[in-house]
Amino acid sequence: MIEVIKDKKTWKSALNEIESHDFYHTYEYHQLAKDNDNQPILLKYVENDSHIALPLLIRKINNSSLWDATSIYGYAGPVSKNIDQNFNNKRFRKELHSFFKDQGIVSVFSRLNPFVLSQEVCLDQLGEIVFSGKVVNIDIRKKKELQRLEYQRRLKTHINKSRRLCTIKKAQSKKEVLDFVEIYYKTMHRVGAHKSYFFNENYFFNLLNSKDFETDILLALDNISKKVIGGVMLVKKSKIVHYHLSGVATEHMNKYPIKLLIDEIRTMASDEGFTYFNLGGGVGGNEDSLFRFKSSFSKDFKAFKLWKYIVDQDKYEELVKMKNEIKCNTINSECSGYFPCYRCNL
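This is a predicted model, so every value here is computed, not measured.

## Examining the side chain of Thr-26
Looking at the secondary structure, you find Thr-26 in the loop between helix 1 (8-16) and helix 2 (27-33). For Thr-26, a relative accessible area of 2% corresponds to the buried category. In this view, Thr-26 contacts Trp-11, Leu-15, Asp-212, Phe-213 and Lys-237; residues no more than four positions away in its chain are not counted.

Below you can see the structure in the form of structure tokens.
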């Protein structure tokens, strides 16, 4: 039986039964990351001693009586307990499909988590799982000296230069947090980021104040002016550290504060006994300049995958035709791959 969880206490209890989960699965992060049109839910399934918990955002489909489901932006997907390659998901598959059908949910989309085990076992034969790019991980189980050996030579030079010019500290006051927010906004403007990356100020403080996971902001201060010239927001949960958000002052980019900050986080995470330091990937999963920057720290790449599931093919096709009735009468199988197709704005 599928149990639908919406309240914080029960959500947290369900995740606590499953030791291996990330901050992207928590109730608090779903409340922060959702918009006004989304209803966060956690679907809980128990079969003997096997547990599966799947967080989703439920959305109304405009101009219809139907719904669909998606994931928060980040690395979500199912988390599980006592499930390995030998698990037969037939019963789970049947119950999950029936739940979606009963709720009028036409399609489901979720970004998966490269650091959570058995996600593909849970979702086997439920739609399709597609590769969407690579994320860069620093394996901080290794000795720190061995981690640093993987750095590109130029990166080591830049970090050494930055260490001479900058001082690292944790943001502690409201002013220091706002200094980071200002630099972050300016960075997003400089790189032409999508409007969805311009979080309001409350988002930053709510992350820092969360009890479901640990968030810090590390700042790089210029040694001469004593001003904040760069910063990184990192989030820690279970054995994973995520490089979440960052920003650097344009006029101080040649001091490489972000490279120094990542190196400091790597050292700290190693000392604190974490397993993974996730730097993320390129924009949209592409191996672009951002990906190349991150891969200068490590060549331990993890596959980032997407789950796409059409629950009701007939209704899905009707929605697509309705959206594209002016342009075509059939589903264009050679479109950009946006899913679900009927939400594409192209």
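## With respect to helix 11 (residues 313-323)
Listing the buried residues of helix 11 in full gives Tyr-316, Leu-319 and Val-320. One side of helix 11 carries all its buried residues, which in axial view fall inside an arc of 100 degrees. Relative to its buried face, helix 11 has exposed residues pointing more than 90 degrees away, namely Asp-314 and Glu-318. Buried residues in helix 11 make contact with strand 6 (105-111) and strand 13 (300-310). One side-chain oxygen of the residue at the start of helix 11 lies 3.3 Å from the amide nitrogen of Asp-314, identifying that residue as Asp-312.

## As for helix 3 (residues 90-102)
Between its first and last C-alpha, helix 3 extends 18 Å over 13 residues, near the 18 Å set by a 1.5 Å rise per residue. Listed in full, the buried residues belonging to helix 3 are Phe-92, Arg-93, Leu-96, Phe-99 and Phe-100. One side of helix 3 holds all its buried residues, which, seen down the axis, span an arc of 135 degrees. The exposed residues of helix 3 that point more than 90 degrees off its buried face are Lys-90, Lys-94 and Asp-102.

## Overview of the packing of aromatic side chains
In the structure shown here, the tally under the stated rule is 29 aromatic pairs. Between Phe-115 and Tyr-276 the ring centres are 4.9 Å apart and the planes differ by 50 degrees, which places this aromatic pair in the tilted class. Of this pair, Phe-115 sits in the loop between strand 6 and helix 4 (119-122) while Tyr-276 sits in strand 12 (residues 276-280), and the two are 161 residues apart along the sequence. Residues Phe-115 and Tyr-276 agree in their burial class; the two are buried. Taking 6.2 Å as the distance between ring centres and 75 degrees as the angle between the ring planes, the aromatic pair formed by Phe-180 and Phe-204 counts as edge-to-face. Within this pair, whereas Phe-180 is found in helix 7 (residues 174-191), its partner Phe-204 is found in helix 8 (residues 201-209), the two being separated by 24 residues in sequence. Phe-180 sits in the buried class, given a relative accessible area of 1%. We note Lys-60 situated over the ring of Trp-67; from NZ or CZ to the ring centre the distance is 5.6 Å.

## Overview of the pattern of salt bridges
In this structure the tally under the stated criterion is 26 salt bridges. When the shortest N-O distance is used, the salt bridge between Glu-28 and Lys-8 registers 2.7 Å. Residue Glu-28 is found in helix 2, and its partner Lys-8 is found in helix 1; the two are separated by 20 residues along the sequence. Residue Glu-28 is classed as buried on the basis of its relative accessible area of 15%. Close ionic contact of Arg-343 with Asp-68 constitutes a salt bridge, the shortest N to O distance being 2.7 Å. Taken together, the residues span a long stretch of sequence, with Arg-343 in the segment after helix 11 and Asp-68 in strand 4 (residues 67-70) at a distance of 275 residues.

## As for the pairing of strand 9 (residues 214-222)
Extensive coverage of strand 9 is indicated by the burial of eight of its nine residues. In the sheet, strand 8 (residues 166-170) pairs with strand 9 via five bridges, with the strands oriented antiparallel. Opposite Ile-168, over in strand 9, you have Ala-220 as the bridge partner. Strand direction decides the pairing type here: strand 9 and strand 10 (residues 228-237), joined by eight bridges, are antiparallel. Within strand 10, the position partnered with Leu-221 by the bridge is Val-228. Taking the residues that link successive antiparallel strands as the turn, the strand 9-strand 10 hairpin has five residues, and the phi of Lys-226 there is positive, at about 65 degrees.

Rules used throughout
- Each chain has its residues counted from 1, running along the sequence as written.
- Side-chain atom pairs in this predicted model are given and counted only at pLDDT of 80 or more, local residue features only at pLDDT of at least 70, and totals for whole chains, interfaces and linings cover all residues.
- The basis for every side-chain value is the complete set of non-hydrogen atoms in the structure, without hydrogens or water.
- Numbering of helices and strands runs from the N terminus; a helix is a DSSP stretch of H or I covering at least four residues, while a strand is a stretch of E covering at least two.
- The buried label goes to any residue with under 20% of its type's maximum accessible area, the exposed label to any with over 50%, and the partly exposed label to all in between, with areas taken from a 1.4 Å probe on protein chains only.
- Any two residues having at least one pair of non-hydrogen atoms within 4.5 Å are treated as being in contact.
- The arc in question is formed by the directions pointing from the helix axis toward the C-beta atoms.
- Within 3.5 Å is the distance limit for a polar contact, defined as a pair of N or O atoms, with the added protein rule that one can donate a hydrogen and the other accept it, and that residues adjacent in sequence qualify only through two side-chain atoms.
- The span you would expect from a helix comes to 1.5 Å times its residue count less one.
- By convention, a stacked pair of Phe, Tyr or Trp rings (six-membered ring in the case of Trp) has centres within 6.5 Å and planes under 30 degrees apart, an edge-to-face pair has planes over 60 apart, and any other such pair is tilted.
- Only when the NZ atom of a Lys or the CZ atom of an Arg is both within 6 Å of the ring centre and within 35 degrees of the ring normal do we say a charge sits over the ring.
- Just to be clear on terms, a salt bridge is a Lys or Arg side-chain nitrogen sitting within 4 Å of an Asp or Glu carboxyl oxygen.
- Pairing between strands is defined by DSSP: at least two bridges between them are needed.

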